[in-house]
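# Fold and contact review
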Amino acid sequence: MKVQAYQIAAILGSLLLMAAGLLRMSHSGNPKELVIAILYFFANLLIFCL
């Protein structure tokens, strides 16, 4: 399986979204931010890597 450049960009973007969700959760104390970040991560993986 060959990995394309846009797939690497999608994974990096997803990881940044998860990191942003963690930071927002740590500031707001709302676990919903983390759940949304995880959902974005999996959605990007499904859209760009499958």
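Residues numbered from 1 in each chain as written. Predicted model: local features only at pLDDT ≥ 70, side-chain atom pairs only at ≥ 80, totals over all residues. Heavy atoms only, no water.

When helices and strands are counted, the protein shows two helices and zero strands. Each principal axis of the C-alpha atoms in the protein carries an extent, and together these give about 40 × 15 × 10 Å. In the form shown here, the protein has an accessible surface area of approximately 3,800 Å², with 75% of it arising from carbon and sulfur atoms. (Helix = DSSP H or I, 4+ residues; strand = E, 2+ residues; numbered from the N terminus. Areas by Shrake-Rupley, 256 points an atom, 1.4 Å probe, with all protein chains shown as cover.)

Quick look at a nonpolar patch on the surface now. Taken together, the side chains of Val-3, Ile-8, Ile-11, Leu-12 and Leu-15 make up a nonpolar region of the molecular surface, amounting to roughly 420 Å² of accessible area. Tracing the chain through its elements places Ile-11 in helix 1 (residues 5-28). (Patch = residues over 30% accessible without salt bridge, like charges linked within 9 Å, V, L, I, M, F, W, Y side chains within 5 Å. Salt bridge = Lys/Arg side-chain N within 4 Å of Asp/Glu carboxyl O.)

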